[in-house]
Protein chains: 2
Amino acid sequence: MAMTVHRSLVAAVPMFAGMSEAEQDDILARASSRHYAGGTVVFEQGMLAENFYVLLSGRLRVTQTTAEGQQTIVRMVNPGDLFGIARALRRTDYPGTALAVIDSVALQWPMTDWDSLVEGHPRFLANTMLAMGQRLQEAHTRLQEFSTEEVERRVAHAVLRLANQGGRKEADGIRIDFPISKQDIAEMTGTTLHTVSRILTAWEKAGVVEGGRQKLLVREPHRLFLIAEGNQPGLL
Amino acid sequence: MAMTVHRSLVAAVPMFAGMSEAEQDDILARASSRHYAGGTVVFEQGMLAENFYVLLSGRLRVTQTTAEGQQTIVRMVNPGDLFGIARALRRTDYPGTALAVIDSVALQWPMTDWDSLVEGHPRFLANTMLAMGQRLQEAHTRLQEFSTEEVERRVAHAVLRLANQGGRKEADGIRIDFPISKQDIAEMTGTTLHTVSRILTAWEKAGVVEGGRQKLLVREPHRLFLIAEGNQPGLL
DNA sequence: CGGATTGTTGAGGATACTCAAGTTAGGTGG
DNA sequence: CCACCTAACTTGAGTATCCTCAACAATCCG
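Residues numbered from 1 in each chain as written. Chains lettered and ligands numbered in written order. Predicted model: local features only at pLDDT ≥ 70, side-chain atom pairs only at ≥ 80, totals over all residues. Heavy atoms only, no water.

### Topic: the protein's contact with DNA strand D
Turning to step 1, where the next piece is worked out: Near DNA strand D lie 18 residues; those nearest to it are Ser197 and Gln214 of chain A together with Val151, Thr191 and Thr195 of chain B.
Turning to step 2, where the next piece is worked out: Taken together, the sugar and phosphate atoms account for 64% of what DNA strand D places within 4 Å of the protein.
Turning to step 3, where the next piece is worked out: One of the side-chain N or O atoms of Arg198 of chain B is found 3.2 Å from a base oxygen in DNA strand D.
Turning to step 4, where the next piece is worked out: Arg213 of chain B is positioned with one of its side-chain polar atoms (N or O) 3.1 Å from a base oxygen of DNA strand D.
Turning to step 5, where the next piece is worked out: Counting residues per element, the ones that place at least two in the surface near DNA strand D are helix 6 (193-205) of chain A together with helix 6 (193-205) of chain B.
Turning to step 6, where the next piece is worked out: The greatest single-element share of the surface near DNA strand D, amounting to four residues, is contributed by helix 6 of chain A.
Turning to step 7, where the next piece is worked out: Split by residue class, the surface near DNA strand D holds one nonpolar, 11 polar and six charged. (Near = heavy atom within 4 Å. Polar contact = N/O pair within 3.5 Å; in protein donor to acceptor, adjacent residues only side chain to side chain. Helix = DSSP H or I, 4+ residues; strand = E, 2+ residues; numbered from the N terminus. Nonpolar A, V, L, I, M, F, W, Y, C, P; charged D, E, K, R; others polar.)

And the structure:
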């Protein structure tokens, strides 16, 4: 269901930041847009990387599966994010699987256009490098959390990240506005859904969050932050 | 102890790959080289990022320290590696501390030259992006290890990485040819020096490695690989 | 030679995992 | 619209891994 795209749709997309309208048009002319229903796979780990993408709306989950079949969530893809840029890592296949967790729309370019975009549009290259820098920093932050923090704090950090990147303000807190299961949170924090369930139950009793089946509302972000920073006894 | 640098010294440095000699000379003209004795700090976490670097020889350890004072080793810097590129992450300070673990020589550029290098030398930008891509992949690999593997396997992976990146072949195995303490390995794998000591002792008894104070020789890389992949009962 | 850093080893205990059984919520089809 | 089925979640009990605490030994450096 490919179709061409107008500039106005990508005004706020970081990849196009600092570009002239003409330059944006030039790049968009090679793109097509595509809709992915919730639950649909955009690409799968190991697949030949034929396209790279920018998410316009919706939400994706990128996972990696080990040889033994264990899954980890590498990141959530939010609107405006680049994803599937295997070429930038000098790879010909996708290192992970991208799944639309809700209905999503993405722009796509054939990977064969990558080199000419990089060479012809220094702005594109610079913006891509910036995005990779941010991902690198987030990866380092998470590594430090894994190295030094116990499970409850890691879960607190993960939930805060979800709230920051994909949260919508509501009357009584910040709502994670896409379906997120305990299993998902477990795969982000390197624990089990059982432990996540116990932790969230304790937080819920203390009034910090409000759970539900694939639902999550952060009632008191500040207290969650205290738990994440370890300045709090811990509610478990 | 700054001084100018000749092209021949950087023939094998990835940052200069694919550049004409004239281009290399142009970039090198702005660099100075500096020697760091073993144990010396190149830059410290939080410091204003005034330079970026390429390591010519020696070995650095980059660490991050948490608010509570816990240290983690972000990476080892090997000859040829770019480091201290805070600017690429849109930071004005260094996110970690770089320490020379042995006598080392690095090229340095003032960070004020970064933008003009990036804009004037597309090759430099592309090579930098590639380096970041590799670091991002390594970070994801380590995250997956933290998420899914027990300590012994994580330590095995860390030792294999050390052997691959900083190993020298000897008669009876691969020697890590810079000083590495159990504490270092613990900070790479998110465990304690006690546990690392116990693991290495067990491996040593089985003839897989040979330890010593800040010394490490991998006698049987293949068996270590099996432990890392979990195809082995585990020697602990 | 003496002090400091690094490493070893043991005992005990806490965190979080596994195993197990059940409950709730939501979607599906009759 | 209700009954059923499945996926998501809850909760408990037992246990393994690994951490903490502690004391000591070895190695290096000045």
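### Here's the deal with helix 5 (residues 182-189) of chain B
Residues and elements named next belong to chain B.
Turning to step 1, where the next piece is worked out: With six of its eight residues buried, helix 5 lies for the most part within the structure.
Turning to step 2, where the next piece is worked out: For helix 5, every residue scored as buried is listed here: Asp184, Ile185, Ala186, Glu187, Met188 and Thr189.
Turning to step 3, where the next piece is worked out: Residues of helix 5 that are buried sit in contact with strand 4 (60-65), strand 5 (71-77), helix 3 (122-148), helix 4 (151-166) and helix 6.
Turning to step 4, where the next piece is worked out: Where helix 5 ends, the next residue or the one after it, Gly190, has phi of about 70°, a positive value. (Buried < 20%, exposed > 50% of the residue type's maximum accessible area, 1.4 Å probe, protein only. Contact = heavy atoms within 4.5 Å.)

### Details of the relation of the copies chain A and chain B
Turning to step 1, where the next piece is worked out: The transform that puts chain A on chain B rotates by 180° and translates by 0.0 Å along the axis, for an RMSD of 0.0 Å. This pairing of chains is accounted for by a two-fold axis.
Turning to step 2, where the next piece is worked out: Residue by residue, 100% of the interface of chain A is reproduced at the interface of chain B, so both copies engage with the same surface. (Least-squares fit on C-alpha atoms with pLDDT ≥ 70 in both.)

### Remarks on the pattern of salt bridges
Turning to step 1, where the next piece is worked out: Here the structure, examined in full by the defined rule, presents 33 salt bridges over all chains.
Turning to step 2, where the next piece is worked out: Salt-bridge contacts for Arg30 of chain B lead to Asp113 of chain B; the nearest nitrogen and oxygen are separated by 4.0 Å. Placement of the pair is Arg30 of chain B in the loop between helix 1 (21-28) and strand 1 (32-36) and Asp113 of chain B in the loop between strand 8 (104-110) and helix 2 (114-120), with a sequence separation of 83 residues.
Turning to step 3, where the next piece is worked out: Owing to a relative accessible area of 30%, Arg30 of chain B belongs among the partly exposed residues under this scheme.
Turning to step 4, where the next piece is worked out: Residue Asp113 of chain B is classed as buried on the basis of its relative accessible area of 16%.
Turning to step 5, where the next piece is worked out: One network of salt bridges, with partners in common, ties together Arg59, Arg168, Glu170, Arg175 and Asp177 of chain A. (Salt bridge = Lys/Arg side-chain N within 4 Å of Asp/Glu carboxyl O.)

### Quick word on the interface of chain A and chain B
Turning to step 1, where the next piece is worked out: Across the boundary between the two partners, chain A contributes 33 residues, which contact 33 residues of chain B.
Turning to step 2, where the next piece is worked out: When the two sides are added together, the surface that chain A and chain B hide from each other amounts to roughly 3,400 Å², 65% of it contributed by carbon and sulfur.
Turning to step 3, where the next piece is worked out: If you look at where chain A meets chain B, you find two salt bridges.
Turning to step 4, where the next piece is worked out: Put simply, Arg153 of chain B and Glu68 of chain A hold a salt bridge, and the shortest N to O gap is 3.4 Å.
Turning to step 5, where the next piece is worked out: Across the chain A-chain B interface, the total number found is 10 residue pairs in polar contact (both at pLDDT 80 or more).
Turning to step 6, where the next piece is worked out: Only strand 4 (60-65), strand 5 (71-77) and helix 3 (122-148) of chain A provide two or more residues apiece to the side of chain A that touches chain B. (Buried area = accessible area lost by both parts, 1.4 Å probe.)

### Comments concerning the environment of Thr65 of chain B
Turning to step 1, where the next piece is worked out: Note that Thr65 of chain B resides in strand 4.
Turning to step 2, where the next piece is worked out: In sequence terms Thr65 of chain B and Glu229 of chain B are 164 residues apart; their C-alpha atoms lie 30 Å from each other.

### What to know about the layout of surface pockets
Turning to step 1, where the next piece is worked out: For the largest pocket, the calculated volume is near 720 Å³.
Turning to step 2, where the next piece is worked out: In terms of lining residues, the largest pocket is bounded by 34 residues, among which Arg75, Asp81, Arg135, Glu138 and Gln165 of chain A are the most central.
Turning to step 3, where the next piece is worked out: Going through the elements one at a time, strand 5, helix 3, helix 4 (151-166) and helix 5 (182-189) of chain A together with helix 3 of chain B are the ones with two or more residues in the lining of the largest pocket.
Turning to step 4, where the next piece is worked out: Here the lining of the largest pocket gets 11 residues from one element, more than from any other, and that element is helix 3 of chain A. (1 Å grid on protein atoms, 1.4 Å probe; cavity = no way out; pocket = protein on both sides within 12 Å on 5 of 7 lines; lining within 4 Å. Points joined across faces, edges and corners; volume = space filled by probe spheres on them.)

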